[in-house]
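Structural features, examined
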Amino acid sequence: MELRKLHKSDDDIFIGFAESRIGGRPENQDSYGFMDTEFGFLVTVCDGMGGGPGGKTASNIAVNEILAGVDEASKDEEITNILIKAVRRANMAILEAASQDSALRGMGSTATVLLISEKSAFLVHAGDSRIYQVRGKHKIFRTFDHSMVFDLVKQKVITEEQARLSAQSNVITRALGIKPDLEVDVVERPYEKGDRFILCSDGIHGIMPEKELIRMFGNRKVALGAVVDDIATYVDNMGRDNGGRHDNLTIAIVETKINSKLRQTMSKQVRISLLILAVICLFSIIMNIVQATSDRTSDAVTTSESTLSKMESLKREVKVKQDSIVSLNDTIKKLRNEKNK
């Protein structure tokens, strides 16, 4: 599928591009969509699963229902609730379609959703498709996969790289179309001018180590559209070089042109780290003061001891001279007595 521009004008406060490719599979079961809404600019990427026509149908339903759910929402409702309801609406629509057609039974889809406005960005996900927030060349946020291997990562049994390479990496623990009661993760994020939000299926993030992927996400040497196309082409070529049976791959990148009105707040972990650092600095200052005071006291004691030593020496010299004078007087007296005799 050709590269598509997601936003209508370069003068807008956001600009984005998306691309989806079939990879080495018979059918592309990934889908994506976007639209301007009353609440902000909306982008979604969904990765379908299921035999026969199920996967593509599920991801299509997910995209369409998520867009419709947000577009039709009441302006008075909280954004978080709007997004959760939109994803759950898509979940129920997939379940309903599967119940009506035996060929679609067992189908499902992951979902990633970005709703971005001048105020902030809302990130929503279910499954192992991901959303990244990249600033410059650094990842500052990423959703956490709902998968069996990432449950092990959370328990610190394996590393994220081991999870990526695991034969069980495609076993997900949460998705649309599995059961009516779907738990949806939503987070609100501030952003800065130039930040990039990347939505991608596992056909993108599962093919290379994350550090390499982040470097490609942060490429500023070419225009954003070229970045999206370059990543899709690179991943596609890697798949072909490794046998050509690689997964469908879909990526959408939205870049901001302003700072959000919502400002970054320090996390509890950062606050604790800063408090510890402040305590260490205070302790260091106190120790320096104590050391300086000790040095001055030591210098004073040394000076006092030196002065006393000099005084004692002087006293001894005076005493010697006094003894010499007394001895000389005694000698003079003896000589006078002898002369008088």
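The present account deals with the structure reproduced in this document. This one's a predicted model, so the numbers in the text were calculated from it and none came from an experiment.

So, about the overall build of the protein. When helices and strands are counted, the protein shows eight helices and 12 strands. A buried classification covers 41% of the 341 residues belonging to the protein. In the protein, once contacts between residues fewer than 6 apart in sequence are set aside, the share between residues at least 24 apart is 70%. In the structure as shown, the protein presents an accessible area of about 19,200 Å², 54% of it carried by carbon and sulfur atoms.

Bringing the sheet that holds strand 11 (residues 196-200) into the picture now. The strand order 1-2-12-11-8-9 describes an open sheet built from six strands, whose pairing is antiparallel. Each edge of the open sheet is held by one strand with a lone partner, namely strand 1 (4-5) and strand 9 (138-142). Pairing geometry for strand 11 and strand 12 (residues 249-256), over five bridges, is antiparallel. Looking at strand 12, one finds that I198 is bridged to I253. Relative to strand 8 (residues 130-135), helix 6 (residues 210-217) is tilted by about 60°, and along the sheet it contacts strand 8, strand 9, strand 11 and strand 12. Sheet contacts for helix 7 (residues 224-241): strand 2 (14-21), strand 11 and strand 12; angle to strand 2, the most-contacted strand, approximately 20°.

Now for the packing of helix 6 against helix 7. Following both chains from N to C, one finds helix 6 and helix 7 inclined at 150°, their axes separated by 10 Å at the closest point. Relative to helix 7, the element helix 6 lies roughly antiparallel. Taken together, the residues of helix 7 that come into contact with helix 6 (itself represented by E212, M216 and F217) are V227, D230, I231 and Y234. Residue composition of the contact of helix 6 with helix 7, grouped by class: five nonpolar, no polar and two charged.

Our next topic: the pattern of salt bridges. For the structure on display, the rule yields 22 salt bridges. One salt bridge connects D247 with R25, and the closest N-O pair in it is separated by 3.5 Å. In this pair, D247 sits in the loop between helix 7 and strand 12 while R25 sits in the loop between strand 2 and strand 3 (30-37), placing the two residues 222 residues apart along the sequence. Accessibility expressed as a relative area gives 38% for R25, which makes it partly exposed. In this structure, E210 and K139 form a salt bridge, with 2.8 Å as the shortest nitrogen-oxygen distance.

In this section: the pairing of strand 3. As paired elements, strand 3 and strand 4 (residues 40-49) share eight bridges and run antiparallel to each other. Residue pairing in the sheet places D30 in a bridge with D47 of strand 4. Linkage of strand 3 to strand 4, two consecutive antiparallel strands, is achieved through a turn of two residues.

A full pass over the atoms with the stated rule returns five aromatic pairs. Residues F14 and Y191 carry aromatic rings whose centres are separated by 6.1 Å and whose planes lie at 70° to one another, so their mutual orientation is edge-to-face. Here Y191 lies in the loop between strand 10 (185-189) and strand 11 and F14 lies in strand 2, a separation of 177 residues in the sequence. The burial state of F14 is the same as that of Y191; both residues are buried. Three or more aromatic residues joined by ring pairs form one cluster here, namely F14, Y191 and F197.

Let us look at helix 6. Buried within helix 6 are the following residues: E210, L213, I214, M216 and F217. Buried residues of helix 6, viewed axially, fall in a sector of 160°; they line one side. Exposed positions of helix 6 whose direction lies more than 90 degrees from the buried face are K211 and R215.

Definitions and limits used
Throughout this description, residue numbers start from 1 for each chain and increase along the sequence as written. Thresholds applied to this predicted model are a pLDDT of at least 70 for local features of residues and 80 or more for the giving and counting of side-chain atom pairs; totals over whole chains, interfaces and linings are not thresholded and use all residues. Only hydrogens and water are set aside when side-chain values are computed; all heavy atoms of the structure are taken into account. Numbering of helices and strands runs from the N terminus, with a helix taken as a DSSP run of H or I at least four residues long and a strand as a DSSP run of E at least two residues long. Each residue is assigned to one of three classes by its accessible area relative to the maximum for its type, calculated with a 1.4 Å probe on protein chains only: buried under 20%, partly exposed between the two thresholds, exposed over 50%. Residue contacts follow a heavy-atom distance rule, with two residues in contact if any of their heavy atoms lie within 4.5 Å. Here the accessible surface of atoms and residues is derived via Shrake-Rupley with a 1.4 Å probe, and residues count as covered only by protein chains that are part of the display. Paired strands, as defined in this entry, are two strands with at least two bridges between them according to DSSP. Helix axes are fitted only over the stretch in contact, all axes being lines through C-alpha atoms; the angle between N-to-C directions runs from 0 to 180 degrees. Oblique is the label for every angle not falling under 35 degrees (roughly parallel), over 145 degrees (roughly antiparallel), or within 65 to 115 degrees (roughly perpendicular). Residues were grouped as follows: Ala, Val, Leu, Ile, Met, Phe, Trp, Tyr, Cys and Pro as nonpolar; Asp, Glu, Lys and Arg as charged; and all remaining residues, including Gly, as polar. The term salt bridge refers to a side-chain nitrogen of Lys or Arg lying within 4 Å of a carboxyl oxygen of Asp or Glu. Pairing of aromatic rings covers Phe, Tyr and Trp, the last through its six-membered ring, and needs centres within 6.5 Å; plane angles under 30 degrees mean stacked, over 60 mean edge-to-face, and all others mean tilted. Each C-beta atom gives one direction from the helix axis, and the arc is the one those directions make.

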